[in-house]
Amino acid sequence: MSLRFFLIEDDAAIRKMLERIISDSGLGEVAGQADDGLHVSVDQLHDVDVVLIDLLMPGQDGIETMKKLQAEGFTGRFIMISQVENKEMIGEAYLHGVDTFIQKPVNRFEVLSVLKRVADHLSLAASLKSIRKSLQILDEKEADPFRNDSASALEKKVRHLLLQLGIAGEAGAPDLLLIMRWLMQEEQKGRALPELPQLKELYLQVLRKFQDIQDENELQKEVRAMEQRIRRMVLQAFTNLASLGLTDYANPTFEHFAPRLFDFQDIRMRMQELENDEKTTKSRINVRKFLSAFYMEVKQFG
């Protein structure tokens with residue numbers, strides 16, 4: 001999948017370095033550049049998939065620029081470039097839709113890792129879009145009584161919650177949408193589950209429902225891949241919430257989601273780990289609890 005990138009960065013040397021890395025990686029091309037956010041409009045981002053944007057720029061910072069472009073209708077991804085370690089600013093950036101951060105000074109290997117991860121996510125999103133189209137056609141052909149359960153409405157709810165948790169750019173996000181759709185269809189058919197199946201069985205059911213994989217070995221391989229993507233995404237949500245709580249214990253997102261999606265004792269432990277600059281966590285994350293609670297949030301969302 002060849003991507004189109006746009007660079008918004010006031011340092012010309014960094015723009016040149018990013019352009020070279022993108023060109024050498026084979027992931028796509030740089031469609032345009034700007035040295036500040038004030039003079040960039042959505043018209044300049046036609047067919048752009050990813051915007052790499054500096055957090056701190058003269059005139060208008062990266063978060064304000066991102067909000068402006070989103071308000072103008074840009075729906076692509078944002079990667080923030082920053083040397084800022086202010087957790088509050090980073091949390092705000094995630095809540096406004098940043099996929100991930102690249103730390104300054106810019107490191108070639110980190111940039112490549114981030115860009116490949118975002119490219120993988122966009123590829124998965126494209127596959128998911130194809131799946132949704134197939135489901136829509138299937139609904140129309142079979143006169144499915146649940147076709148009024150709009151896939152786009154469900155996606156809107158899921159996307160909103162993912163943005164709140166700062167994980168909309170995670171590779172597991174499309175998988176989560178499929179799981180939510182499967183659970184909703186099961187409930188609409190009168191088969192509401194008292195509790196979620198074991199995770200591997202859940203992933204197997206979802207893949208059999210929405211993906212045409214005939215080979216059993218290939219199916220099991222995809223189950224393992226989905227399991228890894230979901231777990232990484234849940235761990236990221238866990239860390240994001242702990243980071244929000246560390247900077248602002250009264251943050252409404254933290255207050256609402258932390259005790260619902262996770263064991264609050266684990267959240268408190270992760271907050272202490274972040275305070276001590278520990279990159280990994282000793283907490284054991286209950287993915288089934290997260291998925292079950294997330295589904296309840298989807299159903300309760302306006």
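Per an unreviewed UniProt entry, the protein goes by the name Response regulator and belongs to Effusibacillus consociatus.

Caption draft 1: Looking closely at the layout of surface pockets. Estimates place the volume of the largest pocket at around 1000 Å³. Lining of the largest pocket is provided by 33 residues; of these, Tyr 94, Gln 236, Thr 239, Leu 274 and Lys 279 occupy positions nearest its centre. Of all the secondary-structure elements, those providing two or more residues to the lining of the largest pocket are α3 (87-95), β5 (98-103), α4 (108-142), α5 (151-165), α8 (216-247) and α10 (264-275). At seven residues, α8 tops the list of elements feeding residues into the lining of the largest pocket. For the lining of the largest pocket, the residue count by class is ten nonpolar, twelve polar and eleven charged.

Caption draft 2: Quick peek at the sheet that holds β5. The strand order across the open sheet formed by five strands is β2-β1-β3-β4-β5, and the pairing between neighbours is parallel. The open sheet terminates on both sides in strands that have one partner only, identified here as β2 (28-34) and β5. Each adjacent strand pair in this sheet contributes to an overall mean axis angle of 25 degrees, direction not counted. Relative to β5, strand β4 (residues 77-82) runs parallel, the two being bridged by five bridges. Paired with Ser 82 across the bridge in β5 is Gln 103. Each of β1 (3-8), β3 (50-54), β4 and β5 touches helix α2 (residues 62-71); the most contacted strand, β4, lies at about 170 degrees to it.

Caption draft 3: Representation of the pattern of salt bridges. For the coordinates displayed, the defined rule picks out 13 salt bridges. Between Arg 108 and Asp 24 there is a salt bridge, with the nearest N and O atoms lying 3.9 Å from each other. Of this pair, Arg 108 sits in helix α4 while Asp 24 is found in helix α1 (residues 12-25), placing the two residues 84 residues apart along the sequence. The partly exposed category is assigned to Arg 108, whose relative accessible area is 36%. With a shortest N-O distance of 3.4 Å, Lys 67 and Glu 64 are connected by a salt bridge.

Caption draft 4: Representation of the UniProt feature "modified residue: 4-aspartylphosphate" (unreviewed entry) in the protein in the model. Residues annotated by UniProt as "modified residue: 4-aspartylphosphate" (unreviewed entry) correspond here to Asp 54. Positionally, Asp 54 belongs in strand β3. Given the relative accessible area of 3%, Asp 54 is considered buried. If sequence neighbours within four positions are ignored, Asp 54 has contacts with Ile 8, Glu 9, Asp 10, Gly 62, Met 80, Ile 81 and Lys 104.

Caption draft 5: Summary view of unusual backbone geometry. A cis geometry characterises the amide bond from Lys 104 onward to Pro 105, with omega recorded as 0 degrees. The backbone of Asp 47 shows a phi angle near 65 degrees, a positive value even though the residue is not glycine. Mapped onto the elements of the fold, Asp 47 is located in the loop between β2 and β3. On the basis of relative accessibility, which here comes to 49%, the residue Asp 47 falls in the partly exposed class. The backbone phi angle of Asp 277 is positive, close to 60 degrees, even though this residue is not glycine. Mapped onto the elements of the fold, Asp 277 is located in the loop between α10 and α11 (287-300). By relative accessible area, Asp 277 is classed as exposed at 57%.

Caption draft 6: Spatial organisation of the packing of helix α6 (residues 173-188) against α11. Look at α6 against α11: their axes get within 11 Å of each other, and the N-to-C directions meet at 70 degrees. Classified by the interaxial angle, the pair formed by α6 and α11 is roughly perpendicular. As for the relative orientation of α6 and α11, their crossing is right-handed in sense. Taken together, the residues of α11 that come into contact with α6 (itself represented by Leu 176, Ile 179, Met 180, Leu 183, Met 184 and Glu 187) are Leu 291, Phe 294, Tyr 295, Val 298 and Lys 299. Split by residue class, the contact of α6 with α11 holds nine nonpolar, no polar and two charged.

Caption draft 7: Quick peek at the nonpolar core. Counting 51 residues, the largest nonpolar core has Met 180, Tyr 203, Ile 230, Phe 262, Phe 290, Leu 291 and Phe 294 as its most contacted members. Among the elements of the structure, α5, α6, α7 (199-210), α8, α9 (252-261), α10 and α11 are those that each provide at least two residues to this core. If you tally residues by element for this core, the top one is α8, at eleven residues. Discounting chain neighbours no more than four positions away, the residues touching Phe 262 are Val 234, Ala 237, Phe 238, Leu 241, Phe 257, Ile 267, Ile 285, Lys 289 and Phe 290.

Caption draft 8: Examining the packing of aromatic side chains more closely. Following the criterion strictly, the structure yields seven aromatic pairs and no others. Aromatic pair Tyr 249 and Phe 254: ring centres 5.3 Å apart, planes at 50 degrees, arrangement tilted. Using a relative accessible area of 2% as the deciding quantity, one classes Phe 254 as buried. What links up through ring pairs into an aromatic cluster is the set Phe 238, Phe 262, Phe 290 and Phe 294.

Reading the values: rules and limits
- The numbering scheme is per chain: residues are counted from 1 as the chain's sequence reads.
- Given that the model is predicted, a residue must reach a pLDDT of at least 70 before its local features are reported, and side-chain atom pairs must reach 80 or more before they are shown or counted; all residues, however, enter totals for whole chains, interfaces and linings.
- Heavy atoms throughout the structure, all of them, feed into the side-chain values; hydrogens and water do not.
- Cavities and pockets were defined on a 1 Å grid built over protein atoms only: a cavity is a set of grid points that admits a 1.4 Å probe from which the probe cannot escape, a pocket is an open set flanked by protein on both sides within 12 Å along at least five of seven lines, and lining residues are those with an atom within 4 Å of any such point.
- Grid points are joined across faces, edges and corners, and a volume is the space filled by probe spheres set on the points.
- Secondary structure elements are defined from DSSP: runs of H or I of at least 4 residues count as helices, runs of E of at least 2 residues count as strands, and each element is numbered from the N terminus.
- Each residue is assigned to one of three groups, with Ala, Val, Leu, Ile, Met, Phe, Trp, Tyr, Cys and Pro labelled nonpolar, Asp, Glu, Lys and Arg labelled charged, and all others, Gly among them, labelled polar.
- Should DSSP find at least two bridges between two strands, the strands are regarded as paired.
- Fitted lines through C-alpha atoms serve as axes, helices being fitted only where they are in contact, and the angles separating the N-to-C directions of these axes extend from 0 to 180 degrees.
- Every residue pair with non-hydrogen atoms within 4.5 Å of one another is taken to be in contact.
- A carboxyl oxygen of Asp or Glu within 4 Å of a side-chain nitrogen of Lys or Arg is what we treat as a salt bridge.
- For every residue, the accessible area (1.4 Å probe, protein chains only) is compared with the maximum for its type, and the residue is labelled buried under 20%, exposed over 50%, or partly exposed between those bounds.
- UniProt positions are given in the numbering used here, feature names are shortened, and annotations may be inferred rather than shown by experiment.
- Throughout, the term roughly parallel applies to angles under 35 degrees, roughly antiparallel to angles over 145, roughly perpendicular to angles from 65 to 115, and oblique to all others.
- Helix crossings fall into two classes, left-handed where the near helix is turned counterclockwise from the far one by less than a right angle and right-handed where it is turned clockwise.
- Buried Ala, Val, Leu, Ile, Met, Phe, Trp, Tyr and Cys residues that are joined via side-chain atoms within 4.5 Å together make up what is termed a nonpolar core.
- Aromatic rings from Phe, Tyr and Trp, with only the six-membered ring used for Trp, were paired whenever their centres fell within 6.5 Å, and each pair was classed as stacked if the ring planes differed by under 30 degrees, edge-to-face if by over 60, and tilted otherwise.

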